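Spelled out from the first residue to the last, the chains are:
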Amino acid sequence: METEVTLILSHCDDIPEAKEYIGVDKGAYLLAKQNKHMILAIGDFDSVTDEQLDIIKQYAKQVIQLNPIKDDTDSQAAIEYAIEQGYTKIHVYGGLGGRYDHMLINFCLALRYPQCVYLYDKQNYIYALSEGVHEINKQNYQYISFFADEAIISLHGMKYNLENRYISNQDTYTSSNEILAKLGSIEIIRGKVLVIQSNDK
């Protein structure tokens, strides 16, 4: 059974409607400001005041305050908590702005947990896929790009199709492709692939 949760991080511009929320650091305060209750607020909370943390506690079923001296980012701790709780689809908002090192870590987390961690902002929808055949819905995105450390893939239903093509982290030609109709497909024969569906501003 698929269970979903929505993570709100500090750089979230618009909070989507969801059944269950996890607030991550200042993202928990953004939820509380909109009177949205969360199953968990987690982070070192170094970006909120003591007064704001008190407000967060009023809207969170559980609060986990992390030591600021740690190896993992707040978003990683939140994602791994959600996975431990049995969530199989984790929607992450606010993880693509701000510090680039944190954004790259979120890309790594999507690759670590394919078909589980999904990153969103106003222009981009980012996730990873593991071996197998996957249909991809064009939705409202014009472009689709594929990146991998090492993978063998086939693409169908796209402007630029591929057959059993080896790609690595040295390849950039797999960017700015387009799904021609409503659905395209990728077959991943080997490896994992990061998928970025996007629009120009």
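Residues numbered from 1 in each chain as written. Predicted model: local features only at pLDDT ≥ 70, side-chain atom pairs only at ≥ 80, totals over all residues. Heavy atoms only, no water.

Before going further, it helps to examine the overall build of the chain. In terms of helices and strands, the chain carries four helices and 13 strands. Residues counted as buried form 49% of the 201 residues belonging to the chain. A separation threshold of at least 6 residues defines the contact pool for the chain, and within that pool the share at least 24 residues apart is 55%. Per element, the accessible surface of the chain, about 10,800 Å² overall, is 46% carbon and sulfur. If you average the places of the 18 positive and of the 28 negative side-chain charges in the chain, the two averages end up 5 Å apart. (Helix = DSSP H or I, 4+ residues; strand = E, 2+ residues; numbered from the N terminus. Buried < 20%, exposed > 50% of the residue type's maximum accessible area, 1.4 Å probe, protein only. Contact = heavy atoms within 4.5 Å. Areas by Shrake-Rupley, 256 points an atom, 1.4 Å probe, with all protein chains shown as cover. Lys, Arg positive; Asp, Glu negative; His and termini not counted. Charge placed at Lys NZ, Arg CZ, Asp CG, Glu CD.)

Turning to the packing of aromatic side chains, a few remarks are in order. Applying the stated criterion across every chain, the model contains six aromatic pairs. Judged by centre distance (4.6 Å) and plane angle (5°), the ring pair of tyrosine 93 and tyrosine 120 falls under stacked. Residue tyrosine 93 is located in strand S5 (residues 89-93), and its partner tyrosine 120 is located in strand S6 (residues 117-120); the two are separated by 27 residues in the primary sequence. Judged by relative accessible area, tyrosine 93 falls into the buried class, the value being 19%. Ring centres of tyrosine 125 and tyrosine 141 lie 6.0 Å apart, and the angle between their planes is 25°; this geometry places the pair in the stacked category. Taken together, the positions of tyrosine 125 in strand S7 (residues 124-129) and tyrosine 141 in the loop between strand S8 (132-137) and strand S9 (143-147) put the pair 16 residues apart, joining distant regions of the chain. The same class applies to tyrosine 125 and to tyrosine 141, which are both buried. Ring pairing ties together the aromatic residues Tyr93, Tyr118, Tyr120, Tyr125, Tyr127 and Tyr141, which thus form one cluster. Between the NZ or CZ atom of lysine 89 and the centre of the ring of tyrosine 118, over which it lies, the distance is 5.3 Å. (Phe/Tyr/Trp six-rings, centres within 6.5 Å; stacked < 30°, edge-to-face > 60°. Lys NZ or Arg CZ within 6 Å of the ring centre and 35° of its normal.)

Let us look at the pairing of strand S10 (residues 150-156). Counting buried residues in S10 gives five out of seven residues, a clear majority hidden from the surface. Sheet analysis places S10 next to strand S11 (residues 162-168), joined by five bridges and oriented antiparallel. Note on S11: the bridge partner recorded for isoleucine 153 is arginine 165. With antiparallel pairing between neighbouring strands as the criterion, S10 and S11 make up a hairpin whose turn holds five residues, including glycine 157 at a positive phi of roughly 75°. Judged from the five bridges that link them, S10 and strand S12 (residues 183-190) form a sheet pairing that is antiparallel. Within the sheet, the bridge partner assigned to isoleucine 153 lies in S12 and is isoleucine 188. (Pairing = 2+ DSSP bridges.)

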